[in-house]
Structures are given as structure tokens and as C-alpha cells.
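# Structural overview for review
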Amino acid sequence: MMVSLCMRVHFIRKIRLFRTMEGNHGSYTDKTRVLDIKPLRSLKPVFPSGNQAPPFVCAPPFGPFPPGFSPFYPFSSSQANQHTPDLNQAQNPPQHHPQYTPQHQPQYQPPQFQPQISSEPSLVSPLRSFRSPDTSNGDVEPEASTVKRKIPKKRVVRPENLNFESGISVAERENGNRKVVTSVLMRFDALRRRFSQLDDAKEAVSGIIKRPDLKAGSTCMSRGVRTNTKKRPGIVHGVEIGDVFYFRFEMCLVGLHSPSMAGIDYLIVKGEKDEEPIATSIVSSGYYDNDEGNPDVLVYTGQGGGNADKEKQTSDQKLERGNLALEKSLQKNSAVRVIRGLKEASQSAKIYIYDGLYEIKESWVEKGKLGHNTFKYKLVRAPGQPPAFATWTAIQKWKAGMPLREGLILPDLTSGVESIPVSLLNDVDNENGPAYFTYSTTVKYSESFKLAQPSFGCDCSNSCKPGNLNCHCIRKNGGDFPYSSNGVLVSRKPMIYECSPSCPCSACKNKVTQMGLKVRMEVFKTADRGWGLRSWDPIRAGSFICIYAGEAKDKSKVHQAMAYDDYTFDTTRVYTPFKWNYEPGLADEDASQEMPEEPEIPLPLIISARNFGNVARFMNHSCSPNVFWQPVTYENNGQLFLQVAFFALSHIPPMTELTYDYGVSRPSGTQNGDTLHGIKKCFCGSEYCRGSFG
DNA sequence: GTTCTTTCAAGTAT
DNA sequence: CATACTTGAAAGAA
């Protein structure tokens, strides 16, 4: 079932890198009582334009894949899946000190560099056509019918999908674990992003995708991409307190809360004579249920009465269904899972945080706004659970600037260079801050980094439209628009081509990594790994986090000793391959069509952030990371910028440390078959820790 | 660019 | 095996 990813077309590009634009002109004020961090004042041009440079080269695809690596990770069956990330280490303390296991080490074929012949990727592969699964019933819809085509409830299994296997065993489907939960969530979101991309491109003419989340969710349901189907009160295996969700369907698929719409989930318990419902979980909408002040208390409103919106209630609620189940849970002292729905004022997206188990303390009936009876239930959080919703409420207060946090060293270590502040905090020991460096948001290219031949942007007016194959920038991306309308990366690719500052499309959605930070982050002192980076905001899978700023060099032109230090990003390291994109078989696309993902860098690039850098220099390594890097280029005034951009691998809860795979250096003289060891001992604490990195 | 309003969905219990 | 129950998410309007 392994399909070689090597069957890809090699595109040869000329890439020309040029100096960064003039940096931000921040002024250094004496905010720093203990730390001497200066904003970047200016970045001088490093080399002039118009240099003749040697013809440029291009990396062929990575591969072949090492033995033991499943190219369908994390979509493969769990047996073949040795590297499933543990994506929530904050909730998951290290169980043991990890041992290095050489069989996990990929045998790596280094990229070969070839001279280049053409100036642009010549491809324009047509958009993969989407076909609705319900078109095979043979019925011809009248053309002038009510426009909308309904998707029938019964799926018609298409021949090419008959052999699709979810890779999840019957036992794992009934009772999950962290690995399966993670895999299900990633597969769902990859599929949802793809449907969303097709929808954006208006490609789904034959089957309108109104709700990519529902479409992806029902596909996963029907194909067995789900877990914890055995309903039970209490903990759900593999779901951890603090986990964040962006869609109701995500909670259905992992068995945290099965109703796709209703707020109360319950289970019928069969006694000797009677049957009684008990509640298993509730989703608080966050609109009516907030108990001001105490995040451990929730007053929840029952269901029914005509309309969930209490302003439009038409009748009394009855003690049945969910309301009855909550009442029975109160009588039996049965704990209920609580998922807090949150709507941030600044962002329109609603999110859900799993806040653990609550006990129902009392229930009563009160009149709603229109005089109808409504049930109320007071729930109190069970003690001894790690904070989740409480963390979120604390962050809202920090954002309002009210309580001064213990250990806060600087409110903004960038001194205004970033558009959002990045705080610096140490509540672990007495260290006053990281060693001196200059905060810079840009990459500056060294003298050795000369590239020939101009590249061209697009000529779209105002904004580039997904699906517009006349747009040169979209064509460079193979015909697909790389980002959703909300800025989320759809697929991991060997290279992403963004529109540039000099493209005429001013409000273009194809400019993401050049727009600076979007999530509120902080640099903090870790217990055992120096300084680290984490986010106040929850981060949705595929969201842009930051680029790796610093001084870029061509590794082949610098001394080996200079290439390695604590603040170096090196694209030539050996990185554990992984799969992040959707499975074509699930998306009703040709399952044999492989999508290359592993980075293709046109030269051995290293970026040093020792003297100049941004928040990325503080991100630590993990063998089970929650962030991945992705090469991005964009053109400006005939030159091409090459950058390393970081995106969220999965949904990341607030205050969870951000980590990526540092890879392992290949010392000179090693052969492809040699076992590679990193030069640093790893303390990531992951179950799948390789023991070393760097 | 934001915020309110309207629309139309899916799984599960019954 | 239909059908009722539940409310979110996104598109469109203001």
C-alpha cells in the first residue's frame, strides 16, 4: 500500500534571493530593567541587486523513504505508526526517560543539487476535480430546479473507495488512546481544509459544499475514522483536559460529545427493571452559562422549550431527554464532562475547551425571559484536575493588563517591533533573560547568498481569487490556493509561493507569512530546557505562527564549525518525515495520486539567529512537536525571498509550549546507512523521544 | 473591516 | 426505518 512519493515531477527553478527591505525603525527606550534587548533599527542592504550569480540549483524530492517509515503517517494504522506526536505535553508529563531507538532513525538520501534550466516552475496541474459522492445515482436533476442539490443521507460508495481502510482497529474505535485521538483529529481537519479550499475555489459545482466541517465529519464517520464510540461517563481515553476543538464534529469523532448539535449528551443505563438516562457530557455555549468570577462553577440551562435562544422560548422545558439525564446524574452523583464554548471578542471563531469533570450540585426551575420554565443546573468542577478554562480566563485578564504576573520581566521584548507584544517571563528561577540579541522580524541574506534570474509576481487587481488559473502566483502553487480564506494553511508542500508586496493585489489572502505575528506569544523559562516559546491564544491547526528570522547563509559556503550553534536553523538536517495533508481517498479524489509534502529547498540554507532573530529562536525541539516548518518564497521587485515559516501541526491549547523537530545534523563523512545521532541530549519527554537532536 | 441575521445542516434516541 | 430533537457555522446583509 505504500506508494512511492518519488514519482513526482522535478521542477527546476531559479531562485533569486535578495536583501530584506529596510527593517522597522523601532526606537530603543529603557523599558528593559534587566535585559538589554534592542529592537532592530535597520537592516542595511547586504548585497546589491544585479549581481551575476551562478546558476541556481534545486533539490530533488526527498527519498527514498527509510525503512519503517510509513508514508501515510499519521494516517496509517497505529501499528505502523511509530512517531505519532504527543501533542499535548503540558497535560502529559514525561513517564520515563526516553531511550534512543536507532530503528526509528530514517536513512536519508541527501538532496542532490542540479543545475537549473528554466526560470519558473512550468507546471500548471489542473485543479483536482471534486465530485460529490451522490452523483452516481443516475438521476438527472432538472436544470431549473431550486438550484441547490441536496446530498442524500445514504452514501453511495464509489468503487475506488471500496478498499479504503481507516487503519483504526475495532478495539481502537470503541476505546481510544492518545495516538488514535490525535490521528483522527488531524485526518478530519486535513479533509476539512481541503473541502474548504475546493469551496473557496468554487470548484465544487457538482456538489456544493456548504459546510466543509460537516462534509469532512460525515466522511470520517462513515469511513470509520473515529474513536471512543463506546459511550461512557467520566474520562475519555486519549482526550486530555485542556484540549481545544474548533468544531463540534471534532468532539463527536473522538467520542468526547456525540451529538452533532445538542448540548447535552447522555446514556441510557439499563437496570433490572427500569431504564434511566445519565448525562455524560455537556457543551456550554458560553453565552448564558457564565458564572462571573469563578471558572470552576457553571450554571447550565436545560434544553427544549421551542428554541435554544432563550429570548425566543415558546414553551416550558420538560424533564425529559437531556434535562432528565442531568437530573439523574445529580441524584446518582455521577460526574459530567464539561466542554466550555468560548467566543473571543477579538476573533469571530468560536472554540471549545475540554475542562474535565464536573459534579452537579443542585438543580432548579426558573422562569425564562418570556415567562416559560427553564431548568438550571449548578455544576462544580471536580478538584485535582489541571487548569484549562481557568487558564483561558486568566489570559483574558492578562490581556486587559490588570494583574501583574509574577515573574514578568518584560511586557514586550520586541520593544514594539512586532505588531503584538511578546512578553518575557521567568517564574522558575532568577535568570533575568536570555543573552543579548537584536530583535528582528526579517531575514537578511548574506553576501554568499546570491541568486540569479528574476521571478515574477501576478497581475491580479485587488485580490487573487482562488481558482483563478490566470493568476501567476496560484499557478506557481500548482493551481491550488495555499491558504483558506481565514489564513489557515491547507496543505503542506515542498514550497509555498506567496504573492508579494509588489503584486498589485493589495488585500490578497496569499500573503500570510509576510504579515507578521498574529498570535499573542510569550518567551518563558522552562524547567530544564532554557527559554521556550508558548502562546496565550489557542492556535488552530495550520495557522501561521512565525518565520525563522536571522542571517541567512548558503551552508556550502561557510565553514562547518560556523554552521552549528544553538540558534541556527539548518534545512539540510535530517528531519523525520511526516504526513499532514488529507488522504485523497477520503476526499473523493484519486487515492493513487500522491501529494509531495517534504520541503524542497533550492540550496543548503542555514539561518543564524544568534545576533538577529525573532521569537522563533526560542522555540525548543521536540520529538513529538506541535509545530512544523514550511519553506515559503515570494517575489519582490524581481527578486525572490526564501523563508522558513512555522505552522501549527494541530490545535494548540493556550500556554502550551511550541516545539518543532530540530532534525539531526549529518556530520561530514557519514554514509546514508549510518545511524545518526544528534549532538544534544533531548529532554522533550515525549513517549516517542529519539533521545537526541541537533 | 465588523456585527447582526438568515439559512440549513447531522447524529442519535425514539 | 423514518422522524423529532438539538444548535452551530458560514454566507449574506447591514
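Residues numbered from 1 in each chain as written. Chains lettered and ligands numbered in written order. Predicted model: local features only at pLDDT ≥ 70, side-chain atom pairs only at ≥ 80, totals over all residues. Heavy atoms only, no water.

An unreviewed UniProt entry lists chain A under the name Histone-lysine N-methyltransferase, H3 lysine-9 specific SUVH1, with Thlaspi arvense given as the organism.

## Thoughts on helix 3 (residues 212–222)
Three or more residues of helix 3 are buried, namely Pro212, Asp213, Lys215, Ala216, Gly217, Thr219 and Cys220. In this structure, the buried residues of helix 3 make contact with helix 2 (178–200) and helix 4 (248–253). Phi turns positive one or two residues past the end of helix 3, at Gly224, with a value near 80°. (Buried < 20%, exposed > 50% of the residue type's maximum accessible area, 1.4 Å probe, protein only. Helix = DSSP H or I, 4+ residues; strand = E, 2+ residues; numbered from the N terminus. Contact = heavy atoms within 4.5 Å.)

## What to know about the packing of aromatic side chains
Applying the stated criterion across every chain, the model contains 23 aromatic pairs. Ring plane angle 70° and centroid distance 5.6 Å describe the contact between Phe437 and Phe618, whose orientation is recorded as edge-to-face. With a gap of 181 residues between them, Phe437 in the loop between strand 12 (422–425) and strand 13 (438–439) and Phe618 in the loop between strand 22 (612–613) and strand 23 (620–621) connect regions that are remote in the sequence. Assessed through its relative accessible area of 2%, Phe618 is described here as buried. (Phe/Tyr/Trp six-rings, centres within 6.5 Å; stacked < 30°, edge-to-face > 60°.)

## Describing the environment of Glu362
Following the sequence through the fold, Glu362 ends up in strand 9 (residues 350–367). Since its relative accessible area comes to 38%, Glu362 is described here as partly exposed. Expressed as a C-alpha distance, the spacing of Glu362 and Lys378, which sit 16 residues apart in the sequence, is 5.4 Å. Not counting the four nearest positions on each side in its chain, Glu362 is found in contact with Leu330, Lys376, Tyr377 and Lys378.

## A word on unusual backbone geometry
A positive phi is found at Asn333, a non-glycine position, where the angle reads about 55°. Residue placement: Asn333 occurs in the loop between helix 5 (321–332) and strand 8 (336–343). By relative accessible area, Asn333 is classed as exposed at 64%. Despite not being glycine, Met655 has its phi angle at roughly 65°, a positive value. Here Met655 shows up in the loop between strand 25 (639–648) and strand 26 (659–660). Owing to a relative accessible area of 16%, Met655 belongs among the buried residues under this scheme.

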